[in-house]
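Working through the structure, step by step
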Amino acid sequence: MSPDGTTRTQEETPPVEGSTAKAHEERADGGLWEHPGIWTWLILVAAVVVAGFFVARAVSL
């Protein structure tokens, strides 16, 4: 039993006097925009492919 005479489970947070806190909404996942690793790999692969064309052209001369 808690000091104010009520019973609470351990998961509950006791009330706080003068608390101005409000529950915040969780942001939605930004998809690819929040995963820069995907963009980094995409850019690197494209750069290697373009470089490969230049190397292949230089070798074929």
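So, here's what we can say about the structure.

Basis of the calculations
Residues numbered from 1 in each chain as written. Predicted model: local features only at pLDDT ≥ 70, side-chain atom pairs only at ≥ 80, totals over all residues. Heavy atoms only, no water. Helix = DSSP H or I, 4+ residues; strand = E, 2+ residues; numbered from the N terminus. Buried < 20%, exposed > 50% of the residue type's maximum accessible area, 1.4 Å probe, protein only. Areas by Shrake-Rupley, 256 points an atom, 1.4 Å probe, with all protein chains shown as cover. Patch = residues over 30% accessible without salt bridge, like charges linked within 9 Å, V, L, I, M, F, W, Y side chains within 5 Å. Salt bridge = Lys/Arg side-chain N within 4 Å of Asp/Glu carboxyl O.

With respect to the overall build of the protein chain
For the protein chain, the count of helices and strands is 1 helix and 0 strands. Sorting the 61 residues of the protein chain into buried and exposed places 2% on the buried side. Summed over its atoms, the accessible surface of the protein chain is roughly 6300 Å², and 65% of this surface lies on carbon and sulfur atoms.

A closer look at a nonpolar patch on the surface
A cluster of nonpolar side chains, Trp41, Leu44, Val45, Val49 and Phe53, forms an exposed patch at the surface whose accessible area comes to about 570 Å². Within the element layout of this structure, Phe53 appears in helix H1 (residues 36-60).

Geometric values such as these leave the question of function open.
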